[in-house]
Amino acid sequence: MKHTRTVLASLAGLTLTVGMVTGAASLSAAHPDDHQGHGPDKVACAKEQKQYDKAVAKFEALQAKFAEAKDEAEDAEGTEDEAEATEEVQETKKAKKAQAKRVEKKLAKLEKCQGEQPTETAEPTETAEPTETPEPTEATETPAP
């Protein structure tokens, strides 16, 4: 049962990591020219991308460390080292949670930066006059026989 929980926690973390990395890759693919040129906006976005990548790498390392610490804690069950192993699991879990929040913030900053890139604006188009909607008609009642 405990090994199943460890495996499921590791898979959930891996899924989260893959999702974050995939999201960053799709952001990079959506704006492939962001890292080309020397404009201040492009340099800032490159910096944000680098910070995001670094945060994701640290998060992945913490996930691996957490899975390892959890396995060690399970192995140490019933021994003198059980308390120490459990404490390490809790510390690693806390660090992993904090790093996940950092990754979310870095991703938000990266998306904001990429969203602020100047784009060509289209001329506003005229809107058509609203059409009249037909009013509902009252149903005619038939007298009961």
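Residues numbered from 1 in each chain as written. Predicted model: local features only at pLDDT ≥ 70, side-chain atom pairs only at ≥ 80, totals over all residues. Heavy atoms only, no water.

Asker: Please explain the overall build of the protein as it appears in this structure.
Answerer: Regarding its fold elements, the protein presents three helices and zero strands. Beginning at the N terminus, the succession of helices and strands in the protein can be written as α-α-α. The burial tally for the protein puts 23% of its 145 residues in the buried class. In the protein, the proportion of contacts linking residues at least 24 apart, taken out of those at least 6 apart, comes to 77%. Of the roughly 11400 Å² of accessible surface on the protein, a fraction of 56% belongs to carbon and sulfur atoms. (Helix = DSSP H or I, 4+ residues; strand = E, 2+ residues; numbered from the N terminus. Buried < 20%, exposed > 50% of the residue type's maximum accessible area, 1.4 Å probe, protein only. Contact = heavy atoms within 4.5 Å. Areas by Shrake-Rupley, 256 points an atom, 1.4 Å probe, with all protein chains shown as cover.)

Asker: What is the right way to look at the confidence of the model for the protein in this model?
Answerer: Detailed reading of the predicted coordinates is not advisable wherever pLDDT falls low. Here the protein averages 75 in pLDDT, while 52% of its residues score no lower than 70. At the level of individual helices and strands, the protein shows its lowest average pLDDT in helix H1 (residues 2-30), which scores 58, and its highest in helix H3 (residues 82-115), which scores 95. Segment residues 120-127 is flagged for pLDDT under 50; beyond a separation of four residues in sequence, or across chains, it makes zero contacts in the model. (pLDDT = per-residue confidence, 0-100.)

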